[in-house]
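# Descriptive structure summary
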Amino acid sequence: MSQLANAQAEYEKFPEEFTSIIISTVNKQGIPNASYAPFVMDDDKNIYIYVSGLATHTQNIQNHPFVSVLFIDDEIKTKQIFARRRLNFDCTANLLERETEQWREIVDKFQVRFGELISTLRSLPDFRILQLTPNSGRFVIGFGAAYNISNDNINQLVQITKDSLS
């Protein structure tokens, strides 16, 4: 199997290793905020987070719907701290309207993944589901093994080379 084919297979499985993502947002003044949220993902790589309307990151997203998300290997799993495996996506966020068919489908996915707590969250009016749609991204496996991801085909890696940077 080629290096690209191996990377592609790894990319497909990598998000499944996580139950939460690191999210980066900005406030009205453009000041960044890093946080995290549990998530579920669909087959099109849309990421759904179930968050409180009172959270800083939720307020930021309401003002600026652009979010960067990061999946990154735990330091303990890493052989080389400078080359941790990581996947990031630049996303656009949209609020799912409560009690729609799509909202119920996603809440059910959260229930399966995270258990009974979701029943409680479902009853709290300030909790909402945001769909984070990837526009582009990058998957880094290690030194010299970095791949771009574009919205033309979010499921396909494109190897970054010295020539592709110019």
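This text follows the structure it describes.
Attention in this report is confined to the structure presented alongside it. The model shown is predicted, which means the values in this text are computed figures rather than measured ones.

### Side note on the overall build of the protein
Scanning the protein from N- to C-terminus turns up 4 helices and 8 strands. Starting at the N terminus, the α and β elements of the protein follow one another as α-β-β-β-α-β-β-α-α-β-β-β. For 166 residues, the compact-globule estimate of 2.2 N^0.38 gives 15 Å, and the C-alpha radius of gyration of the protein, at 17 Å, lies within 12% of that figure. Along the first, second and third principal axes, the C-alpha atoms of the protein reach 50 × 40 × 35 Å. In the protein, buried positions account for 39% of the 166 residues. Across the protein, the fraction of contacts at a sequence separation of at least 24, relative to all contacts at a separation of at least 6, is 62%. Summed over all atoms, the accessible surface of the protein reaches about 9,500 Å², with 53% contributed by carbon and sulfur. Side chains of the protein carry 16 positive and 20 negative charges; the gap between the two charge centres is 5 Å.

### Things to note about the pairing of strand S2 (residues 32-41)
Where strand S1 (residues 20-26) lies against S2, 7 bridges are found, and the strand directions are antiparallel. Bridge pairing in S2 links Ser24 to Ala34. Pairing between S2 and strand S3 (residues 47-52): 3 bridges, direction antiparallel. Following the sheet pairing, Met41 is matched in S3 by Ile47. The loop that links S2 with its antiparallel partner S3 comprises 5 residues; one of these, Lys45, has a positive phi angle of about 70°.

What counts as what
- Residues numbered from 1 in each chain as written.
- Predicted model: local features only at pLDDT ≥ 70, side-chain atom pairs only at ≥ 80, totals over all residues.
- Heavy atoms only, no water.
- Helix = DSSP H or I, 4+ residues; strand = E, 2+ residues; numbered from the N terminus.
- Rg over C-alpha atoms; globule rule 2.2 N^0.38 Å.
- Buried < 20%, exposed > 50% of the residue type's maximum accessible area, 1.4 Å probe, protein only.
- Contact = heavy atoms within 4.5 Å.
- Areas by Shrake-Rupley, 256 points an atom, 1.4 Å probe, with all protein chains shown as cover.
- Lys, Arg positive; Asp, Glu negative; His and termini not counted.
- Charge placed at Lys NZ, Arg CZ, Asp CG, Glu CD.
- Pairing = 2+ DSSP bridges.

Structural measurements only, silent on function.
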